[in-house]
Amino acid sequence: MKILHIDSSALGTYSVSRQLTADIVAELKRAAPDAVVDYHDLAAQPLAHWTPVADAADPAAVLGNKVLEDFLGADVVVVGAPMYNFTISSQLKAWLDRVLVAGKTFRYTANGPEGLAGGKRVIVASSRGGFYGKDSAGAAMDFQEPYLRAAFAFIGIGEVEFVRAEGLAVGDEHKSTALKSAQDAIHTLVAEAA
Ligand SMILES: Cc1cc2nc3c(=O)[nH]c(=O)nc-3n(C[C@H](O)[C@H](O)[C@H](O)COP(=O)(O)O)c2cc1C
């Protein structure tokens, strides 16, 4: 099994999503010790904004292809997604711009778009300062989780699993509770699939 582990938080060791993706990958490895992990830190090594490249030997094209190949070759993709201004980080968006590629992960047909990257498991660790649950006042401002669901569904991955730590800005006590509850969810999620 190949695991692609992606982090995109700018908060380094203070990052909750980094902690959660590390926990998810550790649980996956416990369940499948032979799994190979490929790690990309999109904050430490940010991808440039996507630009058109005519020459396949251009370093931007080579890097873009590598990102895409790493994604296509993974069985499980673990994505750290902090909420920044109601959506994903620009680092993660730059990664998605290399993953959602016409002719590679989706194609347009006479019957509409068709995803080509199905069959992978995608687990997103979502961290946010406020609350955006279904019945909360913030729900209408959540352009992070619905966006990620739509983007992955578009390329054929309809069942994205989310581990959420919310209300992290409320205070230390709440942060610990949110973290603990996310870690319990990780345990259940990996155990159920094993
Ligand atoms: C630039 C920036 C923008 C943020 N915007 C939001 C936001 O719109 N809504 C929210 O609930 N939290 C927001 N936060 C708080 C983060 O979601 C929270 O700190 C979360 O823990 C970030 O994930 P991380 O700990 O993995 O970095 C923002 C934080 C930063 C640094």
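Residues numbered from 1 in each chain as written. Predicted model: local features only at pLDDT ≥ 70, side-chain atom pairs only at ≥ 80, totals over all residues. Heavy atoms only, no water.

It is not clear to me how the site of the ligand should be interpreted in this structure. Could you clarify?
In the neighbourhood of the ligand, 16 residues make up the surrounding shell, with Ser9, Ser15, Ser17, Ser127 and Gly130 lying closest. Within the side chain of serine 127, a nitrogen or oxygen atom sits 2.7 Å from an oxygen atom of the ligand. Partitioning the shell around the ligand into residue classes produces eight nonpolar, seven polar and one charged. (Near = heavy atom within 4 Å. Polar contact = N/O pair within 3.5 Å; in protein donor to acceptor, adjacent residues only side chain to side chain. Nonpolar A, V, L, I, M, F, W, Y, C, P; charged D, E, K, R; others polar.)

Even after reading the chapter, I still don't get the side chain of histidine 40, so can you show me in this structure?
Along the chain, histidine 40 falls in strand β2 (residues 36-41). In terms of polar contacts, histidine 40 uses its side chain to reach the side chain of aspartate 70, at 3.1 Å. Beyond its immediate stretch of four places on either side in the chain, histidine 40 contacts Leu4, His5, Ile6, Asp7, Lys66 and Asp70. (Helix = DSSP H or I, 4+ residues; strand = E, 2+ residues; numbered from the N terminus. Contact = heavy atoms within 4.5 Å.)

Is there a simple way to explain helix α5 (residues 172-193) in this structure?
Two residues of an α-helix separated by three or four positions point the same way, owing to the 3.6 residues in each turn. Compared with an ideal rise of 1.5 Å per residue, which puts 22 residues at 32 Å, α5 spans 32 Å between its outermost C-alpha atoms and is within 8% of the ideal. Among the residues making up α5, those that are buried are Ala178, Leu179, Ala182, Ile186, Leu189 and Val190. Take α5 and look down its axis: the buried residues cluster within an arc of 100°, on one side only. Exposed residues pointing more than 90 degrees away from the buried face of α5 are listed as Glu173 and Glu192. (Expected span 1.5 Å × (residues − 1). Buried < 20%, exposed > 50% of the residue type's maximum accessible area, 1.4 Å probe, protein only. Arc of directions from axis to C-beta.)

Can you help me understand the layout of surface pockets in this one?
The rolling of a water-molecule-sized probe over the atoms marks out the regions of remaining empty space. Of the pockets and cavities examined, the largest pocket occupies roughly 340 Å³. Elements supplying a minimum of two residues to the lining of the largest pocket: α2 (59-72) and α3 (90-99). In terms of residues, the lining of the largest pocket owes the most to one element, α2, which gives six residues. Along the lines of polarity and charge, the residues of the lining of the largest pocket split into 13 nonpolar, four polar and four charged. (1 Å grid on protein atoms, 1.4 Å probe; cavity = no way out; pocket = protein on both sides within 12 Å on 5 of 7 lines; lining within 4 Å. Points joined across faces, edges and corners; volume = space filled by probe spheres on them.)

Would you explain the packing of α3 against helix α4 (residues 145-154) in this entry?
The description of two helices packed together rests on the angle between their axes and the distance between the axes. For the pair α3 and α4, interaxial distance at closest approach is 12 Å and the crossing angle is 15°. By the angle between their axes, α3 is roughly parallel relative to α4. For the element pair α3 and α4, the recorded crossing hand is left-handed. Contact residues: α3 offers Leu92, Lys93, Trp95 and Leu96, while α4 offers Tyr147, Leu148 and Phe152. A breakdown of the residues in the contact of α3 with α4 according to their chemical character gives six nonpolar, no polar and one charged. (Axes fitted to C-alpha atoms, helices over the stretch in contact; angles between N-to-C directions. Parallel < 35°, antiparallel > 145°, perpendicular 65-115°, else oblique. Left-handed = near helix turned anticlockwise from the far one by under 90°.)

Can you walk me through the environment of alanine 43 in this structure?
In this structure, alanine 43 sits in the loop between β2 and α2. A relative accessible area of 26% places alanine 43 in the partly exposed class. Residues alanine 43 and serine 90, 47 residues apart in the sequence, show an inter-C-alpha distance of 9.6 Å. The contact partners of alanine 43, leaving out residues within four places of it in the chain, are Asp7, Ser9, Ala10, Arg18 and Gln91.

Explanation requested: helix α1 (residues 16-31) in the structure shown.
An ideal rise of 1.5 Å per residue puts 22 Å on 16 residues; α1 measures up with 23 Å between its terminal C-alpha atoms. Looking at the buried residues of α1, the elements they touch are β1 (2-7), β2, β3 (76-82), β6 (121-127), β7 (161-165) and α5.

Teacher, can you tell me more about the UniProt feature "domain: Flavodoxin-like fold" (unreviewed entry) in the chain here?
Listed under "domain: Flavodoxin-like fold" (unreviewed entry) in the UniProt record, and renumbered for this structure, are residues 1-188. End C-alpha to end C-alpha, residues 1-188 measures 20 Å, and it is 36% helix and 21% strand. (UniProt positions renumbered as here; feature names shortened; annotations may be inferred.)

I keep staring at the environment of valine 77 and nothing clicks. Help me out?
For valine 77, the location among the structural elements is in strand β3. The exposure class of valine 77 is buried, given its relative accessible area of 0%. Beyond its immediate sequence surroundings of up to four residues, valine 77 is in contact with Leu4, Phe71, Trp95, Lys120, Arg121, Val122 and Ile123.

Sorry if this is basic, but what is going on with the sheet that holds β6 here?
As a general point, the strands of a sheet are linked pairwise by backbone hydrogen bonds and lie either parallel or antiparallel. Strand order in the open sheet made by the five strands is β2-β1-β3-β6-β7, with parallel pairing throughout. Edge positions in the sheet fall to β2 and β7, since each of these pairs with one other strand and no more. Looking at each pair of strands side by side, their axes are set apart by 15° on average, direction ignored. Both β1 and β3 contribute to a ladder of four bridges, which runs parallel. The residue of β3 that forms the bridge with isoleucine 6 is valine 79. Together, β1 and β3 form the strand contacts of α3, whose direction differs from that of β3 by roughly 145°. In the packing of α4 onto the sheet, the strands contacted are β3, β6 and β7, and the crossing angle to β7 comes to about 165°. (Pairing = 2+ DSSP bridges.)

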